[in-house]
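Spelled out, the chains give:
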Amino acid sequence: MTTDTQRLQTELGDLKARLKRQGESLEFLQIISKTFVSLSLNDKSAICDTFNSMVSSFMDARKSATLLLSTDGDGYDVVSRQGVSDPKELSGSEANEVWRWVISERIARFVDGEDLRSRSPSLFEIFPDGFACVPIDIREQPVGLIVLADKVNGTEFSGEGLEFMSAAAGIVAVTLTNAESHAIQEGLIKSVEQQAKEAQRVAQEREQALEELDRKLEIIERQRFAIQELSTPVLQLWDNVLALPVIGVVDTRRSAEIMERLLAEITEKQVRFVILDITGVEVVDTRTADHFIKVIKAAELLGSTCILTGIRPAVAQTLIEIGVDLSSISTLRNMQEGLKECLRRMRDLNSNDVEEI
Amino acid sequence: MTEISDTFRIPIIKLHDKLIVSIQMALSDRLVMQLKDDITTRIERVNITGLIIDVSGIDVMDSYISRALRDMGLIARLMGVRTVISGLDPMIAMTLVEMGLDLKGVSAALNLETAIELLDRKPAKTRGKGAAA
Amino acid sequence: MSDTRQQILEILGGHMSAILARSVLSLSISWSKVDPNRLRPGDDNRLLAELEKGCRLYVRDDTLRQTCMEQMQTLLTINGHTLPPPEEPPRLTRVPVLGESDIVDARGIGRLVCNKLGFSGAMQIKVATAISELARNIVQYADKGEITITTLNGNRRGIEVVARDEGPGIADISLVMSDRYNSRTGMGIGLKGTRNLMDEFDLKSTPGKGTEIRVRKYMD
């Protein structure tokens, strides 16, 4: 009776301990899943690391490792480890054989030291007391495993421990799946973002190119204007002699500008003679000719004599053909002749003559 | 706008053998006619050989004023006096040319000084039009 | 008044050749449509902006260019502030033409309006001359009439002058405006001259009722 009572009491104590232990496991699993959710880990190795340290500490295992199927599918990579010095020993061909074997069972199990010694001496050296392991299944496919060994108090891995490991592996699997889909999602988002950025960059580049083009066009426009400005210099050739070499196309606007500028210069510098040199003018039409005549007449109204020089043969021909009357205007071969004439007239002026309009 | 009284006359100054008229105001038609009469009278009374009309202060020169100035020059010439117009504003000169107006028969000078110089020289003989412009 | 143009040229001349300086200045003036000697509020900045563009072409060194710009800014600010703010010209001005003395008034008012609008000196004289012709036309042929000066603020800034009278009218407009016609008083010359000076010229006349001449001159 006493023995029975004692036995029952022991059993009850065991049961209570187991119950307590299971409660703890459950609580721990909840903590794990919460941790994963709150950490929102998306990196496989980070997930496995966290999991590995949690499970090993809960199971009081000194040695632990989490392995995942390598990308080529040939073997297993060590993603996380504790208490195992060299990861290479865990991922050699011999070790891989063992992992494939334990995973094929598809359940959490314990491999004892003797069994291990016969299968892999190198693994036996790491785990002389054997190890407990559990496969990680994603969509019914084993993608890796968790290995725990060397319990702190020297005890063996119980059935409860293996159950706990199974549950934990389930959580890891779910987390990994989430991470994977999250990664895909993330990837998609990233690629969309990338595309958007790229599009924005292209748009920006275009805009910059356009701005640059605008700026260049403006510079060209300004330079054109500057060249035009510079191409009509009013030169003081001599005392009382201004020269205006006209180069290029003379349109209405430009001729008005030339006219205003020349007349202003005459008044400002008070010069008696102006040489209007049109060697640089290739084309003359009625209007251009008319403008030249106007400039000359206006200059004369101010009291300055204007001489037209450098009429090209083609221009002279055109002028006669279109019937422009330049008979009232002094015309000379070139600027030198023009200057000579001015000097001669100045001499005349100083001696006697009076010019009449 | 400067108010000019109805009896105002543009002063005509005699300097040696010249008459100098300096117009420093907007010319009304009355002033123009008055000036024409005054100049003619003065030329008749005093012995001069040249007339200088300085227009540096004129506001505009329309067809009437330019015609009047030309007339003054022509009248003076008939009476043996040469006329020089001086100090025309370049913008007014341009306007005249664009309107198709001219001051034929009157010489032009850049300023009063050159106008005097111009008149002090011997009168021009009949010269070839082409060379003299 | 001191010549701001000259002062700007001196500053620019310290950084580039004289001919380039002139080019940059005249370029900037023509671009900004600002007369440095008649600065209105805001003009200084517009002119400076253009000057800077010009300087960018010829003054490569950033520090030098900045110094140059600062000098010009100081100059323009000082010169700009000595002038009173611009008076907007009235949109419409009526000048009755009742006698010969009104001709001078009419062209004087026209010139003033052009000046306030910012017309160049040459343009002011052209408009004033045209008004003088139109007013004289009224005095000589219709005794009295009216000249209306309207500022144009649309796409093209400018001025419109309308001369109206209830005189005898012109029987043959094309004859009056032809090269052959030359009236005793020079009306043909005056009207043809006006047409040459203005950008737009429109003459309407009904014998016995009167004449209306409408002319326009634009700023650009």
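In what follows, the accompanying structure is described. (Residues numbered from 1 in each chain as written. Chains lettered and ligands numbered in written order. Predicted model: local features only at pLDDT ≥ 70, side-chain atom pairs only at ≥ 80, totals over all residues. Heavy atoms only, no water.)

Quick look at the overall build of chain C now. For chain C, the helix and strand inventory stands at eight helices and five strands. Secondary structure elements of chain C, listed N to C terminal, follow the sequence α-α-α-α-β-α-α-β-β-α-α-β-β. For chain C, whose C-alpha radius of gyration is 22 Å, the value lies well above the compact-globule estimate of 17 Å for 220 residues. Projected onto its principal axes, the C-alpha positions of chain C cover 75 × 35 × 30 Å. Burial analysis of chain C (220 residues in total) assigns 50% to the buried set. Sequence separation of 24 or more characterises 63% of the internal contacts of chain C that already satisfy a separation of 6 or more. Seen as two clouds, the 30 positive and the 28 negative side-chain charges of chain C have centres 4 Å apart. (Helix = DSSP H or I, 4+ residues; strand = E, 2+ residues; numbered from the N terminus. Rg over C-alpha atoms; globule rule 2.2 N^0.38 Å. Buried < 20%, exposed > 50% of the residue type's maximum accessible area, 1.4 Å probe, protein only. Contact = heavy atoms within 4.5 Å. Lys, Arg positive; Asp, Glu negative; His and termini not counted. Charge placed at Lys NZ, Arg CZ, Asp CG, Glu CD.)

In sheet architecture, strand pairing relies on hydrogen bonds along the backbone and comes in two forms, parallel and antiparallel. Residues and elements named next belong to chain A. Spatially, five strands are ordered 2-1-5-4-3 in an open sheet, and the strand pairing comes out antiparallel. Since the sheet does not close on itself, it has two edges, and those belong to strand 2 (76-82) and strand 3 (109-111), each with one partner. On average, each strand axis in the sheet is inclined to that of its neighbour by 25°, with strand direction left out of account. Examined bridge by bridge, strand 3 and strand 4 (residues 131-138) share three bridges and lie antiparallel to one another. Looking at strand 4, one finds that Phe-110 is bridged to Ala-132. Packing of helix 2 (residues 44-58) onto the sheet brings it into contact with strand 1 (61-69), strand 2 and strand 5 (141-151), and relative to strand 2 it is tilted by some 45°. Set on the sheet, helix 3 (residues 93-104) makes contact with strand 1, strand 2, strand 3, strand 4 and strand 5; between it and strand 5 the angle comes to about 105°. (Pairing = 2+ DSSP bridges. Axes fitted to C-alpha atoms, helices over the stretch in contact; angles between N-to-C directions.)

Turning our eyes to something else, we now look at helix 7 (residues 252-269) of chain A. All names here are of chain A. Between its first and last C-alpha atoms helix 7 spans 26 Å; for 18 residues at 1.5 Å apiece the expected length is 26 Å, and the two agree. Listed in full, the buried residues belonging to helix 7 are Arg-254, Ser-255, Ile-258, Met-259, Leu-262, Leu-263, Glu-265 and Ile-266. Buried residues of helix 7, seen end-on, are gathered within an arc of 160° and therefore sit on one face of the element. Structural note: helix 7 exposes Arg-253 and Glu-268 on the side pointing more than 90 degrees away from its buried face. (Expected span 1.5 Å × (residues − 1). Arc of directions from axis to C-beta.)

Turning to the interface of chain C and chain B, a few remarks are in order. Opposite the 26 residues of chain C that make contact, chain B presents 22 residues. Here chain C meets chain B over a buried area of about 2,000 Å², counting both sides, of which 57% is carbon and sulfur. Three residues, Arg107(C), Ile125(C) and Arg136(C), lead the burial of chain C against chain B; their summed loss comes to 25% of the area buried on that side. At the surface where chain C touches chain B, the tally comes to five salt bridges. Our count for the contact surface shared by chain C and chain B stands at eleven residue pairs in polar contact (both at pLDDT 80 or more). At the level of secondary structure, the elements contributing two or more residues to the side of chain C that touches chain B comprise helix 5 (101-117), helix 6 (121-142) and helix 8 (187-197) of chain C. (Buried area = accessible area lost by both parts, 1.4 Å probe. Salt bridge = Lys/Arg side-chain N within 4 Å of Asp/Glu carboxyl O. Polar contact = N/O pair within 3.5 Å; in protein donor to acceptor, adjacent residues only side chain to side chain.)

What follows concerns the pairing of strand 2 of chain A. Residue and element names in this part refer to chain A. One ladder, built from six bridges, connects strand 1 with strand 2; its direction is antiparallel. For Thr-66, the partnering residue across the bridge sits in strand 2 and is Ser-80. A loop of six residues connects strand 1 with strand 2, the two strands running antiparallel in sequence, and Gly-73 in this loop sits at a positive phi of about 80°.

The analysis is restricted to geometry; functional conclusions fall outside its scope.
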